Amino acid sequence: MSDSLPYRPAAVLEVWCELQCPDCRSALDDLRALRARYGDRLELRLRHFPLEKHKHAFAAAQAAEEALEQGQGWPYVEAVLDQVEELDRKGESFLVEVARRLGLDAEEFDTALIDGRHTLIVDADQAEGKAIGVTGTPTYVIDGERLDGGKSQEGLRRRIEEIADRLLAEQTA
């Protein structure tokens, strides 16, 4: 393999998520377990699907994109999901507060939420999600298979592991 080729993970798990969603918070344990089991062989790719019933979800998705840009995407997502009640209560000020706590540029977060620089990414994710049949969060897509986790997380991690194991085995074969 040439050094000039970009690194590609063996498998990609798209995680359609909404940061004001209690079910997405419940899914964190599974995501952490997958990350521990596979490391960088399984890329967890955050995709946004803010639901209209949560009034701070769209802003939270934009904030997550700013965190990704500042190199702390998943730590930020986990910090917000771990305190979803605070987001419900405090709104956008909580999003900036989390950024500050993680050592990110909080002023840049505030500016990003005001100028809407990440709106197109969030809109594109949401449109793509609707196009592939995402109706709630969390929803996972791995190797073209959509797994809906909004109703129950039961068995989802096991199914994701089965697909990831197959993809990894195919890569080494």
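The structure reproduced in this document is the subject of the present report. For clarity, every value in this text was computed on a predicted model and none was experimentally measured. (Residues numbered from 1 in each chain as written. Predicted model: local features only at pLDDT ≥ 70, side-chain atom pairs only at ≥ 80, totals over all residues. Heavy atoms only, no water.)

### Quick look at the pattern of salt bridges
For the structure on display, the rule yields 24 salt bridges. Across the pair R146 and D148 runs a salt bridge, and its minimum N-O distance is 3.3 Å. R146 sits in the partly exposed class, given a relative accessible area of 36%. The partly exposed category is assigned to D148, whose relative accessible area is 39%. The residue E161 makes a salt bridge to R157 at a minimum N-O spacing of 3.6 Å. (Salt bridge = Lys/Arg side-chain N within 4 Å of Asp/Glu carboxyl O. Buried < 20%, exposed > 50% of the residue type's maximum accessible area, 1.4 Å probe, protein only.)

### A look at the packing of helix α1 (residues 22–38) against helix α8 (residues 156–172)
Running from amino to carboxyl end, α1 crosses α8 at an angle of 25°, the nearest separation of the two axes being 11 Å. What the angle tells us is that α1 and α8 run roughly parallel. For the crossing formed where α1 meets α8, the hand is right-handed. Here D29, D30, A33, L34, R37 and Y38 of α1 lie close against α8, whose contacting residues are R157, I160, E161, A164, D165 and L168. (Axes fitted to C-alpha atoms, helices over the stretch in contact; angles between N-to-C directions. Helix = DSSP H or I, 4+ residues; strand = E, 2+ residues; numbered from the N terminus. Parallel < 35°, antiparallel > 145°, perpendicular 65-115°, else oblique. Left-handed = near helix turned anticlockwise from the far one by under 90°. Contact = heavy atoms within 4.5 Å.)

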